[in-house]
Every structure is written in C-alpha cells, then in structure tokens.
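# Structural features, examined
Here is what each chain is made of, one letter per residue.
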Amino acid sequence: MTRSRVPSALFGLFALAAAIDLLSLAAGFEPGHAVVKPLVMPLLAAWAALRGAPRLLVAALLCGWGGDTLLLFDADAAFLAGMACFAAGHVCYLVLFVRVGRSRAGALFLAPCYAAALITTVALLRPDLPAELRLPVAVYSTLLTAMACTAGTRLGPVAGVGGALFLLSDTLIATGVADWPQPPRPDLWIMLTYLAAQLLLARGALGEPRPARERADRRPVAAGPG
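This write-up is about the structure you can find in this document. This is a predicted model, so every value here is computed, not measured.

Turning to a nonpolar patch on the surface, a few remarks are in order. Together, Leu13, Leu16 and Ile20 make up an exposed nonpolar region whose accessible area comes to about 260 Å². Topologically, leucine 13 is positioned in helix H1 (residues 6-27). Leucine 13 sits in the partly exposed class, given a relative accessible area of 43%.

Here the structure, examined in full by the defined rule, presents six aromatic pairs. Judged by centre distance (5.8 Å) and plane angle (85 degrees), the rings of phenylalanine 86 and tyrosine 194 are edge-to-face. Taken together, the residues phenylalanine 86 in helix H4 (residues 76-100) and tyrosine 194 in helix H8 (residues 186-206) connect sequence positions 108 residues apart. Seen in terms of ring centroids, phenylalanine 166 and tyrosine 194 are 5.5 Å apart; in terms of plane orientation they differ by 85 degrees. Their pairing is edge-to-face. On the criterion of sequence distance, the pair formed by phenylalanine 166 in helix H7 (residues 157-177) and tyrosine 194 in helix H8 is long-range, its members being 28 residues apart.

Turning next to unusual backbone geometry. Residue aspartate 179 is not a glycine yet carries a positive backbone phi of 65 degrees. Here aspartate 179 lies in the loop between H7 and H8.

On to the environment of methionine 83. You can see methionine 83 is positioned in helix H4. Separated by 16 residues in the primary sequence, methionine 83 and glycine 67 have C-alpha atoms spaced 6.5 Å apart. Beyond its immediate chain neighbours, meaning those up to four positions away, methionine 83 contacts Pro136, Val137 and Tyr140.

Moving on, we come to the side chain of threonine 193. Mapped onto the fold, threonine 193 is located in helix H8. What makes threonine 193 buried here is its relative accessible area of 10%. Of note is the side chain of threonine 193, whose polar atom sits 3.5 Å from the side chain of serine 169. Excluding its chain neighbours within four sequence positions, the residues that come into contact with threonine 193 are Leu165, Leu168 and Ser169.

What follows concerns the packing of helix H2 (residues 30-50) against H8. To describe two helices that pack against each other, one gives the angle between their axes and the distance between the axes. Two elements in contact, H2 and H8, have axes separated by 11 Å at closest approach and are oriented at 10 degrees. By the angle class used here, H2 and H8 are roughly parallel. Where H2 approaches H8, its residues His33, Lys37, Val40, Met41, Leu44, Trp47 and Ala48 are matched on the opposing element by Met191, Tyr194, Leu195, Gln198, Leu199, Ala202, Arg203 and Leu206. When the residues that make up the contact of H2 with H8 are grouped by side-chain class, the tally is 11 nonpolar, two polar and two charged.

Let's shift gears to the nonpolar core. With 55 residues, the main nonpolar core has Leu57, Leu61, Phe97 and Phe166 as its most contacted residues. Those elements that place two or more of their residues in this core are H1, H2, helix H3 (55-70), H4, helix H5 (107-125), helix H6 (131-155), H7 and H8. Apart from residues no more than four positions distant in its own chain, phenylalanine 166 is found in contact with Phe86, His90, Tyr140, Leu144, Met147, Tyr194, Ala197, Gln198 and Leu201.

A few words now on the side chain of aspartate 68. Within the secondary structure, aspartate 68 sits in helix H3. The side chain of aspartate 68 is buried and forms no salt bridge, while lysine 37, the nearest opposite charge, is found at 4.5 Å. Polar contacts involving the side chain of aspartate 68 include one to the side chain of tyrosine 194, which spans 3.0 Å. Ignoring any residue separated from it by four or fewer positions in sequence, one finds aspartate 68 in contact with Lys37, Met41, Phe86 and Tyr194.

Below, the discussion takes up the environment of alanine 19. Along the chain, the position of alanine 19 falls in helix H1. Accessibility expressed as a relative area gives 34% for alanine 19, which makes it partly exposed. Taking C-alpha positions, alanine 19 is 9.8 Å from valine 40, a pair spaced 21 residues apart along the chain.

What counts and how
Residues numbered from 1 in each chain as written. Predicted model: local features only at pLDDT ≥ 70, side-chain atom pairs only at ≥ 80, totals over all residues. Heavy atoms only, no water. Patch = residues over 30% accessible without salt bridge, like charges linked within 9 Å, V, L, I, M, F, W, Y side chains within 5 Å. Areas by Shrake-Rupley, 256 points an atom, 1.4 Å probe, with all protein chains shown as cover. Salt bridge = Lys/Arg side-chain N within 4 Å of Asp/Glu carboxyl O. Helix = DSSP H or I, 4+ residues; strand = E, 2+ residues; numbered from the N terminus. Buried < 20%, exposed > 50% of the residue type's maximum accessible area, 1.4 Å probe, protein only. Phe/Tyr/Trp six-rings, centres within 6.5 Å; stacked < 30°, edge-to-face > 60°. Contact = heavy atoms within 4.5 Å. Polar contact = N/O pair within 3.5 Å; in protein donor to acceptor, adjacent residues only side chain to side chain. Axes fitted to C-alpha atoms, helices over the stretch in contact; angles between N-to-C directions. Parallel < 35°, antiparallel > 145°, perpendicular 65-115°, else oblique. Nonpolar A, V, L, I, M, F, W, Y, C, P; charged D, E, K, R; others polar. Core = buried A, V, L, I, M, F, W, Y, C linked by side-chain atoms within 4.5 Å. Lys, Arg positive; Asp, Glu negative; His and termini not counted.

Given below as structure tokens:
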C-alpha cells in the first residue's frame, strides 16, 4: 500500500468500525459494541493526523476516545471521568475553532439561540438529575454549547451541523440520566449522532486553512550542509 492510500484505508476502517458498532447496538449485541466502540475515535484521529490535522483536532478526538472507553463502565465515577474527558475535548475544539475560524454572518442569530437552548435545557433537567450531577452537568453543558455555537459561527455549516449533533447526542444521554422518556434503542441514536458529529467536526476543521505560524511549525526543516 502506497503512503498516499493510508488515509483512505484508515477512513475505511473507521467507517467499518462505526458500522459494526451501530449494527451491534441496533441488534442489542452489547459485546460487539463494547469491543468496537473504543476503536472508532483512534481510527478517526489517525486519519485526521495523516490529513495534516492541527494537534488540537487530534487531541479533541482522542479525548472523545477516552470518554467513549470510560462510559463503557457502569459506575458513577466512570461517568464523571468520561464527562471530564469530553469536556477537555470541547475545550480543544473551542481553542481550535477560535484560532482557525473566522466570524460569519450567522453569528448574531446563532449565539442567542444556543444560549436560550442551554438555559432552558439545564433548567428543565436540574430537578430530575441526581444532586451530585447537577453542577457537573451544568458546567459540561455550557462547554458543549459554547463548542457547538463556535463551530457554527466560525467554521461554517459542516462543523456547525457537527456541533449541533454533538449537542443532540449528549442531550439524549442527559435525559436518560434524568429518567425522561426515551426513543426506542436510545443508545443507537446517541452513538449515531455522536459519530456523525465527530466526523463532521473533523471535516469542518480540516477544511479551514491553518494559521501561518502553525503551518511553519509543521514545515520540514531543510537539511544542512554535510
């Protein structure tokens, strides 16, 4: 396999792993989900890295891998640690989007909509969440909403849809924790929207030109005499 085909092969493996994971969830085959889920984000991160992704994008995807793995364990400590991993990923995305993006025309419309959605969702969820999760969920939701809004207002529609899907995916998780009514196979919808979100965020970020300083950092150093 030539070096130029490696990214395509990695993307194919990512798509295959994602499909197996979703089919496992659709069929209720938990062992398949448990085995394949931790493989999906590393494959996407490797694909992005070989496409010349900024370090912050790779870091965000690997934080997602940490969160994915921790959420496989049915324990409160693992849930909080997984939430912390995803929060770190949102911080990476936020910094990246501010660095490489630019303000777009829809910013004045999107920002108030996201702020209203955040306040409404947190207020409605709060009474039904366990007391020890109310503050972590509020902080996490603020970071997630800021990331989703920034994706749409600075990177454009591809990343914007990715941010919105990430928000939808985690809202489904939060409503499940709060014991709200769920759609059939909620884990399937959570994972479907999450995988689509991460892919669209990566594609949106890769489509943006990197700042000159970062491009210079990645430029190969010329060999000296001798």
